[in-house]
Structures are given as C-alpha cells and as structure tokens.
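# A look at the structure
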Amino acid sequence: MKPCKQLELYYHDLLHEGGNDIANATSAAATNATKLGNFKLGKLIIFDDPMTNDRNLRSPPVAKAQGFYFYTMKTDYIALFAYTLIFNSTDYRGTLNIMGADLMNAETRDFSVVGGTGDFFMARGIAAIITDYVLGLEYFRLKMNTKLYECY
Amino acid sequence: MKPCKQLELYYHDLLHEGGNDIANATSAAATNATKLGNFKLGKLIIFDDPMTNDRNLRSPPVAKAQGFYFYTMKTDYIALFAYTLIFNSTDYRGTLNIMGADLMNAETRDFSVVGGTGDFFMARGIAAIITDYVLGLEYFRLKMNTKLYECY
Amino acid sequence: MKPCKQLELYYHDLLHEGGNDIANATSAAATNATKLGNFKLGKLIIFDDPMTNDRNLRSPPVAKAQGFYFYTMKTDYIALFAYTLIFNSTDYRGTLNIMGADLMNAETRDFSVVGGTGDFFMARGIAAIITDYVLGLEYFRLKMNTKLYECY
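Residues numbered from 1 in each chain as written. Chains lettered and ligands numbered in written order. Predicted model: local features only at pLDDT ≥ 70, side-chain atom pairs only at ≥ 80, totals over all residues. Heavy atoms only, no water.

### A short note on the pattern of salt bridges
Enumeration over the complete set of coordinates arrives at 21 salt bridges over all chains. Note that A:Lys143 and A:Glu8 form a salt bridge whose closest N and O atoms lie 3.9 Å from each other. One end of the pair, A:Lys143, is in strand S9 (residues 139-150); the other, A:Glu8, is in strand S1 (residues 5-13), and 135 residues separate them in sequence. Since its relative accessible area comes to 41%, A:Glu8 is described here as partly exposed. A salt bridge links B:Glu150 to C:Arg124; the nearest nitrogen and oxygen atoms lie 3.7 Å apart. (Salt bridge = Lys/Arg side-chain N within 4 Å of Asp/Glu carboxyl O. Helix = DSSP H or I, 4+ residues; strand = E, 2+ residues; numbered from the N terminus. Buried < 20%, exposed > 50% of the residue type's maximum accessible area, 1.4 Å probe, protein only.)

### Quick look at empty space enclosed by the protein
Taken as a whole and assessed by the stated rule, the structure comprises 2 cavities of 30 Å³ or more. By volume, the largest cavity is sized at about 100 Å³. In this structure, the largest cavity is lined by 13 residues; those nearest its centre are A:Phe68, A:Ala82, A:Met99, B:Ala82 and C:Ala82. When residues of the lining of the largest cavity are traced back to their parent elements, those giving at least two are strand S5 (78-88) of chain A, strand S5 (78-88) of chain B together with strand S5 (78-88) of chain C. Ranked by residues supplied to the lining of the largest cavity, first place goes to S5(B) with 3 residues. Each residue belonging to the lining of the largest cavity can be placed in one class, and the counts come to 13 nonpolar, no polar and no charged. What lines the second largest cavity is A:Leu44, A:Phe68, A:Phe70, B:Leu44, B:Phe68, B:Phe70, C:Leu44, C:Phe68 and C:Phe70. (1 Å grid on protein atoms, 1.4 Å probe; cavity = no way out; pocket = protein on both sides within 12 Å on 5 of 7 lines; lining within 4 Å. Points joined across faces, edges and corners; volume = space filled by probe spheres on them. Nonpolar A, V, L, I, M, F, W, Y, C, P; charged D, E, K, R; others polar.)

### Side note on the interface of chain B and chain C
Note on interface size: it is often stated as the accessible area lost on association of the parts. Taken together, the contact between chain B and chain C spans 36 residues of the former and 30 residues of the latter. In total, about 2400 Å² of surface goes out of reach between chain B and chain C, with carbon and sulfur atoms giving 70% of it. Per-residue buried area on chain B facing chain C is highest for B:Ile46, B:Gln66 and B:Met122; these three make up 22% of the total on that side. At the junction of chain B with chain C, the criterion picks out 1 salt bridge. (Contact = heavy atoms within 4.5 Å. Buried area = accessible area lost by both parts, 1.4 Å probe.)

### Observations regarding the relation of the copies chain B and chain A
One copy of the chain maps onto the second through a rotation about an axis and a displacement along it. The two copies are related by a screw motion: chain B maps onto chain A through a turn of 120° and a shift of 0.0 Å along the axis, at an RMSD of 0.0 Å. These values place the two chain copies in the arrangement generated by a three-fold rotation axis. By C-alpha distance to the rotation axis, the residue of chain B lying nearest is B:Val114, at 3.5 Å. A low fraction, 20%, of the interface residues of chain B reappear at the interface in chain A, so the copies pair through non-equivalent surfaces. (Least-squares fit on C-alpha atoms with pLDDT ≥ 70 in both.)

### Regarding the pairing of strand S7 (residues 108-118) of chain A
Residues and elements named next belong to chain A. Counting buried residues in S7 gives 8 out of 11 residues, a clear majority hidden from the surface. In the sheet, strand S6 (residues 93-103) pairs with S7 via 6 bridges, with the strands oriented antiparallel. Pairing of Asn97 across the sheet is with Gly115, part of S7. Hairpin geometry of S6 and S7 is characterised by an intervening segment of 4 residues between the two adjacent antiparallel strands. One ladder, built from 6 bridges, connects S7 with strand S8 (residues 124-135); its direction is antiparallel. Opposite Asp110, over in S8, you have Ala128 as the bridge partner. (Pairing = 2+ DSSP bridges.)

### Notes on the packing of aromatic side chains
For the structure shown, the criterion picks out 61 aromatic pairs over all chains. Ring centres of A:Tyr92 and A:Phe120 lie 5.0 Å apart, and the angle between their planes is 40°; this geometry places the pair in the tilted category. Of this pair, A:Tyr92 sits in the loop between S5 and S6 while A:Phe120 sits in the loop between S7 and S8, placing them 28 residues apart in sequence. For A:Tyr92, a relative accessible area of 22% corresponds to the partly exposed category. Taking 4.9 Å as the distance between ring centres and 45° as the angle between the ring planes, the aromatic pair formed by B:Phe87 and B:Phe120 counts as tilted. A residue pair is termed long-range when its members are at least 10 positions apart, and B:Phe87 in strand S5 and B:Phe120 in the loop between strand S7 (108-118) and strand S8 (124-135) qualify at 33 residues. You'll find B:Phe87 and B:Phe120 in the same group, each marked buried. (Phe/Tyr/Trp six-rings, centres within 6.5 Å; stacked < 30°, edge-to-face > 60°.)

### A closer look at the interface of chain B and chain A
At the interface, 30 residues of chain B touch 36 residues of chain A. Contact between chain B and chain A buries roughly 2400 Å² in total, counting both sides, with carbon and sulfur atoms accounting for 70%. When the buried surface of chain B facing chain A is broken down by residue, B:Leu36, B:Met99 and B:Arg124 rank first, second and third, together holding 23% of it. Here chain B and chain A share 1 salt bridge between them. Scanning the region where chain B abuts chain A turns up 12 residue pairs in polar contact (both at pLDDT 80 or more). (Polar contact = N/O pair within 3.5 Å; in protein donor to acceptor, adjacent residues only side chain to side chain.)

### Here we look at the nonpolar core
Formed by 39 residues in total, the largest nonpolar core has its most connected members in A:Phe68, B:Phe68 and C:Phe68. Not counting residues within four places of it along the chain, the set of residues in contact with B:Phe68 comprises A:Phe68, B:Leu44, B:Ile45, B:Ile46, B:Phe47, B:Leu80, B:Phe81, B:Ala82, C:Phe68, C:Phe70 and C:Leu80. (Core = buried A, V, L, I, M, F, W, Y, C linked by side-chain atoms within 4.5 Å.)

### Some details on the relation of the copies chain B and chain C
Relative to chain C, chain B is turned by 120° and slid 0.0 Å along the rotation axis, the superposed coordinates differing by an RMSD of 0.0 Å. Little of the interface of chain B is mirrored in chain C, where only 17% of its interface residues again form contacts.

### Regarding the confidence of the model for chain A
Put simply, chain A has an average pLDDT of 97, and 100% of its residues get 70 or more. Across the interface, the model reports ipTM at 0.96; the global pTM reads 0.97. (pLDDT = per-residue confidence, 0-100.)

### Considerations on the state of the cysteines
Residues and elements named next belong to chain A. Per the counting criterion, the structure on display carries 3 disulfides over all chains. A sulfur-sulfur distance of 2.0 Å marks the disulfide that ties Cys4 to Cys151. Taking the sign of the torsion about the S-S bond as the criterion, the disulfide between Cys4 and Cys151, at about 85°, is right-handed. One end of the pair, Cys4, is in the segment before S1; the other, Cys151, is in the segment after S9, with 147 residues separating them in the sequence. On the basis of relative accessibility, which here comes to 36%, the residue Cys151 falls in the partly exposed class. (Disulfide = S-S within 2.5 Å.)

This is the structure:
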C-alpha cells in the first residue's frame, strides 16, 4: 500500500537522569520505576525532543516531539509511547498524534498515527522507528519514518 | 469539509493545587514538575471535569471529561491531553476518546478525536479548544467545539 | 455492522499492591492517589498482563497487554486505559493500540482500538470489556472481545 504522505525525521533525546544538565536535557523522569522486574517497569519519562531532517542534533528542528514514554515490561525493555509531533515551519503547520509500543530490542518498531490536525487534518498512518544511535543513557537518536495512509 | 456531527460544550476545571478544597476541586496533580525549564514540564494533572452546554459551571453537566494533561515543554506552556468524554444523558450515551497537544498560548488548539463508542461508535474528528476564561490557578474554562467527520 | 476481524481473549491482572509478590505481580502503582474523593483518583497503575484464549491464568499467553490505567473519577470507580496488545505468535504478529474509559460498575464497557501494526496494519475497532472474575485486590480477569471494523 502506498502512503499519501511520507516524512523521514530524526528524533533526539537527552535524558536528564542520563547525565545531561538542566539546560541541555530534553527529557526527564516523572516517576520512579516500580519494584517489578529489572527493566524499569513503571518509570515514566516526559520529553520535549527536537525532530530534525538529518542526523545532526544541532540542525534546526522541523518539529518538536512532545509527550511521554512509560516502561511497561518486567522481562525486557518495552515502553509505551504517546506523543504529539508539533510542526510550525514554512513547510508544515499542525500536529500528528502518535501512540504505540517501542519493543526496544526489535530492529524496527511501528507506532500508530491516530490523528492529525492543521496540515495533517484527520491523518492516520504508521510511524516506523529505528534506533539510529545510542550513547549510554545520555543520548539516543531514532529515525522516525512516518507514512500516512489516510490524508484528507 | 462538513462535519457529520457537531457538539459545542464548555469544560470547567477547578485545580486542587489552585486553591480549591477537596470537595470542590475537579482536578489534582499526580506528579511534581521536573527541574527542566520553568513551565512545569513533567507535571501530570488528572481531571474529572464537568462539560456543560453553557458557560455556567453550575449548569447540569451533559458529559464528564475524564483523563489527564501532562506539561511537556521546557520553554512554553504546552500540555499533552488524553481523555474520554463520557456521555450519559437522554441526548447521548457513549464515549469519545481524545488526544492532542494544548499549545496554551495559541488562540485555538486542535485535538484529535481518535475513537468513540455507543452513540459515537467508531467516530473520528477534531476537538477545537478555545480558552474562554481563566481565574489564576483556581479555575479555567475551555470552549470545546467537537466536529466529527467520520460517523457510522 | 459486521466486524472484519474478531478476537475474544482474557486479560489477567495481579496487582503488586494487592498482595502479589514481585515475582508474581503483573502490575504496580506508579503514583499515589490524590486526596480527591474516595475512589483512588490520580492513582496510576502500570501493567504487563498476559492475554490468554481461555480463563486459565497459566495458559500460554497469545498476547501481552502493556500500558496503564489511571483512576479518573471522584465519585465512582472509573479508569482511563491506554495500552498496546502485543502479539508475537504463530497466529499473529503485530500490535493493537487501545484507549478508553473503564466504567467499572457497568456490565460492558467499550474501549476504542485506535490503530494497529503488523498483521493489524491500520486497524480500528472496539474492544468490549466484561469483568469475568475478581478476587479482592489480588486478581481480576477481564473478558476482552475485540472487534475490528476497519481492516486493510
């Protein structure tokens, strides 16, 4: 099936608990992990992450990804993501609302684009995630390939 | 594009931390803000808010809005909303499930109606939000204009 | 309206705070209840729950339900659910993303299936929930009848 719109962007995350200072960090924990298992189950991370066209963290962001992920598994690293991509550029204005499970050890993971507003009015689709780079707990970069299959 | 159904309702919020007592308050914080920025990033508010047909907080509610908002930005007031509108009246029975980013400083913000049940079976659409009134941290009222574009 | 796909599964939950030990528990609280009302408003439970074909908790899970529920009402037990069903079996691979209000005292409650991936690419539908069994705070079992009305 052919998408009606496609966006390939990079998501950059600098976790406060991963050693980034307050000025630099783009995400932080809102709750502590519970005692279940050894994979942070119950830890809730809130993020305000830049999305760029290329791999460079310092490139001008074309969108912000704002929302949370929540570790949800006792026996492996899986997190539930729920966030909005907020676009406010000459190319696009509007938002995409996204939800899905990040099976962190899988090569590609798919989230659901459950709705959109503005230039993405009523959109639906799939955001395919690939881990592009990880530096300990300090930084990770995801390649996020968003394919919309319902456009209005 | 013409909606297949439209609902114009008012959302009333009385925050416990804003000075409302336990009996009166309709929302409260479940987590504290993180240290990132000065815009409450990481603060999670849970609400059980009445929705009315007019601006009067004391009017009989036609629905309850139940869910949460989560401050998500370091440099401005933006919150991710996720909630259900629960209708249980002579007019409507059922729910609308809604998610989106509240860019609080924008005049109008659009959320995604991502699904519905009962009288709103499988609905999709847009809920347009306008801040109608604010009284410090104690009370705010939103005008929520919900337009459904997919009805079954 | 006839569903294009239907799945009848059982959801098993063993709450840590309900007396289950760390090894056994499949869910735990990430936040405490607020002071509003007497129905746990603000309490956020994160779960990693097995889904089985029959009522037996020890049957091989056909999916995991991972996500959270969040108590949202001052005057009754209602919780907002948001979770992913993760399938990884010979029958199905992929995920269903689900959100909705659990009006715990109603016989049947409907959640929205807001998206899917893999074998459930772009799916939408309704997950109808019935409480099948409750043992204090220690264990509850839900019958979850998922009907998809949009399949690709």
